[in-house]
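Now for the letters of each chain:
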Amino acid sequence: LVTQTLITEPAAASPDPGLSFFEHRSRPYTLALRPLPDGSDAVLVVMKDTSEVTLAKRAINNPIVVIVIVLAVSISLISHLLTRSITSPLQKLARASKKLAGGDWDAMVEIETGDEVSELAGALNEMARELRSSEEKLLRSEKLSMTGYLAARVAHDIRNPLFSIKLRTQMICERLP
């Protein structure tokens, strides 16, 4: 029924009984008919435009599609590499700052990109050095404070018995003629 409405002028016969060639509105088409394997009377129909213009369009479109796919893959690869070149130094900075937050003052980061990230790495390294220096000063101060406290305790512990001994000797000296 479909073939009767579309076919206006039958063309040359095909060696394959399932293929037909015809023209519709001055354009050549190939029609393939195959019965469905389910045993019913249904037929699968595929129609293809076989004009020279359509074939030329396909010949042009196929390389264009390949070029577009290659460009898309290239762009995604370049963007991935560019993104990694930006995020990798930032991830190093983040790991180093987490180590610093955990008290590891030796967590230095070496980034030599020559941009703001490199300046930030230098500032982070300087902060780590200053924190280490501050911690050393604080420890020294605590040691000196503890030494002073211990000296005061020792002096107190020695002075109390000495004061008692001095008082007793004074009392004894007053009683003796």
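Residues numbered from 1 in each chain as written. Predicted model: local features only at pLDDT ≥ 70, side-chain atom pairs only at ≥ 80, totals over all residues. Heavy atoms only, no water.

> Which residues make up the overall build of the protein, and what values go with them?
Along its length, the protein carries 3 helices and 4 strands. Its helices and strands taken in sequence order, the protein reads α-β-β-β-β-α-α from the N to the C terminus. Expected size for 177 residues packed as a compact globule is a radius of gyration near 16 Å; at 48 Å, the protein overshoots this value by more than 25%. Across its three principal axes, the protein shows a C-alpha extent of roughly 160 × 45 × 25 Å. (Helix = DSSP H or I, 4+ residues; strand = E, 2+ residues; numbered from the N terminus. Rg over C-alpha atoms; globule rule 2.2 N^0.38 Å.)

> Break down the environment of Lys57 for me, citing the residues and quoting the values.
Within the fold, Lys57 resides in helix α2 (residues 52-101). Sequence separation of Lys57 and Asp38 is 19 residues, and the distance between their C-alpha atoms is 36 Å.

> So, the pattern of salt bridges: which residues are in play, and what are the values?
This structure, assessed with the given rule, holds 2 salt bridges. When the shortest N-O distance is used, the salt bridge between Arg132 and Asp106 registers 3.7 Å. With a gap of 26 residues between them, Arg132 in helix α3 (residues 116-175) and Asp106 in the loop between α2 and α3 connect regions that are remote in the sequence. Look at Arg132 and you get partly exposed, because its relative accessible area is 26%. Given a relative accessible area of 55%, Asp106 falls into the exposed group. (Salt bridge = Lys/Arg side-chain N within 4 Å of Asp/Glu carboxyl O. Buried < 20%, exposed > 50% of the residue type's maximum accessible area, 1.4 Å probe, protein only.)

> Which residues make up the packing of α2 against α3, and what values go with them?
Direction vectors running N to C along α2 and α3 enclose 15°, while the axes themselves pass 10 Å from each other. In terms of their interaxial angle, α2 and α3 are classed as roughly parallel. Crossing geometry of α2 relative to α3 is assigned as left-handed. Along the contact surface, α2 presents Pro89, Leu90, Leu93, Ala96, Ser97 and Leu100, while α3 presents Val117, Leu120, Ala121, Leu124, Met127 and Ala128. (Axes fitted to C-alpha atoms, helices over the stretch in contact; angles between N-to-C directions. Parallel < 35°, antiparallel > 145°, perpendicular 65-115°, else oblique. Left-handed = near helix turned anticlockwise from the far one by under 90°. Contact = heavy atoms within 4.5 Å.)

The analysis is restricted to geometry; functional conclusions fall outside its scope.
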